[in-house]
Amino acid sequence: MDRLCEITFLLPDDSASRTFLDELRRLLSEVAYADFTAPSGTAGRPGGRLTLTPPRPAGARPVTAFELADVDAPEVALDTGHSIGVSEAAGAQGTAAPPPRIGMADLTRRMAGHVRRVDHTGVNVPACVTPPERWRDLRTVFSSASAMYRYPTGEDWPFVLPATATELGTDIDEFVVGREPRFELVHDRWLTRTLWQFALWTDLTRTELERLFPEPDGFTFPELEEVFRVVPVAGPWPGLDIRFDLCYRIDDGPSAWETGEWLVTEGGRIR
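Residues numbered from 1 in each chain as written. Predicted model: local features only at pLDDT ≥ 70, side-chain atom pairs only at ≥ 80, totals over all residues. Heavy atoms only, no water.

Asker: Which parts of the structure should I look at to understand the overall build of the protein chain?
Answerer: Secondary structure summary: the protein chain contains seven helices and 15 strands in total. For 271 residues, the compact-globule estimate of 2.2 N^0.38 gives 18 Å, and the C-alpha radius of gyration of the protein chain, at 18 Å, lies within 12% of that figure. Along the three orthogonal principal directions, the C-alpha set of the protein chain runs to about 45 × 45 × 40 Å. Each of the 271 residues in the protein chain was classed as buried or not, and the buried ones make up 50%. Put simply, of all contacts in the protein chain between residues at least 6 apart along the chain, 73% involve residues at least 24 apart. A total accessible area of about 12200 Å² is found for the protein chain, and carbon and sulfur atoms account for 48% of it. (Helix = DSSP H or I, 4+ residues; strand = E, 2+ residues; numbered from the N terminus. Rg over C-alpha atoms; globule rule 2.2 N^0.38 Å. Buried < 20%, exposed > 50% of the residue type's maximum accessible area, 1.4 Å probe, protein only. Contact = heavy atoms within 4.5 Å. Areas by Shrake-Rupley, 256 points an atom, 1.4 Å probe, with all protein chains shown as cover.)

Here it is in structure tokens:
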């Protein structure tokens, strides 16, 4: 089978995207497996590519990257030849989520030095412009080329876990911290336009993150209040929403979520 080796968030190569990417580089500066590469011939300019390579197990894929590219609008490109663009329902006035009150520079300033790992990245596609058959096709694009697992509680939130070539053909049975970033694909009935989401492991407690991002800057989702603080961020691209989920520090880990065991054993592989 074809193997999905890289998921790339492509950004239009303009000043707004360069600024966003540079702030993201600063935000993830303490992540050990984040690599920043400046485009050739542009010494001193913000990096043109940010790459997140799963640290464990050795050879696990896909890699996740952010890159300035010759595109008119942001898109998520797979090295299998597929992509996910930006979609918005005609005439839509907004989303169910509160409008963002902060930008990337403000997020980076508040979180400087506190991000340790990237749990997952993801794309929420609006159900109103993604009918069931199109959603099934999109999910098949991933499940046929990667280790994709159902979300155990039944929602349409499948996750791709980085896996070795052997695990892709069989299944994951080694549960280790470092099988990240994973990738979440969401069929979202609440949204009217595409959303990019980024879940980050921090060294901060719930109380500390609530102080850094009080309402309405940040909020929590029902039943996930003890896991992370949600912070919508204003982006420079029309038709695309951006959300950061800032995970609270875990002092008694690793958890079955961190190692992927919960998704593998309770959710099950999508083939």
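After that view, the rundown keeps rolling.
Asker: Is there a simple way to explain the pattern of salt bridges in this structure?
Answerer: For side chains of opposite charge, pairing can occur when their charged atoms come near one another. This structure, assessed with the given rule, holds 21 salt bridges. Arg49 serves as the salt-bridge partner of Glu6, at 2.9 Å between the closest nitrogen and oxygen. Remark: Arg49 occurs in strand β3 (residues 49-52) and Glu6 occurs in strand β1 (residues 6-12); sequence separation between them is 43 residues. Through salt bridges with shared partners, a single network forms among Arg101, Asp106, Arg109, Arg110 and Asp217. (Salt bridge = Lys/Arg side-chain N within 4 Å of Asp/Glu carboxyl O.)

Asker: How should the side chain of Ser146 be read in this particular structure?
Answerer: Assignment of secondary structure puts Ser146 in the loop between α3 (132-143) and β9 (147-149). Judged by its relative accessible area of 3%, Ser146 falls in the buried class. A polar atom in the side chain of Ser146 sits 2.7 Å from the backbone oxygen of Phe142. Once you skip the residues sitting within four places of it in the chain, Ser146 turns out to touch Leu4, Val160, Leu168 and Arg269. (Polar contact = N/O pair within 3.5 Å; in protein donor to acceptor, adjacent residues only side chain to side chain.)

Asker: I would appreciate a short explanation of the packing of helix α1 (residues 15-27) against helix α2 (residues 104-111) in the present structure.
Answerer: Axis angle and axis distance: for two packed helices, these are the angle between their axes and the distance between the axes, and together they describe the pair. Close contact between α1 and α2 brings their axes to 9 Å; oriented N to C, the two are set at 10°. Considering the angle they form, α1 stands roughly parallel to α2. The handedness of the crossing between α1 and α2 is left-handed. Across from Phe20, Glu23, Leu24, Arg26 and Leu27 in α1, the residues of α2 making contact are Met104, Ala105, Leu107, Thr108 and Met111. For the contact of α1 with α2, the per-class residue count stands at seven nonpolar, one polar and two charged. (Axes fitted to C-alpha atoms, helices over the stretch in contact; angles between N-to-C directions. Parallel < 35°, antiparallel > 145°, perpendicular 65-115°, else oblique. Left-handed = near helix turned anticlockwise from the far one by under 90°. Nonpolar A, V, L, I, M, F, W, Y, C, P; charged D, E, K, R; others polar.)

Asker: Before we go on, may I ask you to explain the nonpolar core in this structure?
Answerer: Note that soluble globular proteins tend to have their nonpolar side chains buried in a common cluster. Among the nonpolar cores identified, the biggest contains 51 residues, and Leu28, Leu107, Phe142 and Phe244 are the most heavily contacted of them. Ignoring anything within four residues of it in the chain, the contact list for Leu28 reads Ala34, Phe36, Leu50, Leu52, Val115, Val118 and Leu200. With nine residues, the next largest nonpolar core counts Leu161, Ile172, Leu263 and Val264 among its residues. (Core = buried A, V, L, I, M, F, W, Y, C linked by side-chain atoms within 4.5 Å.)

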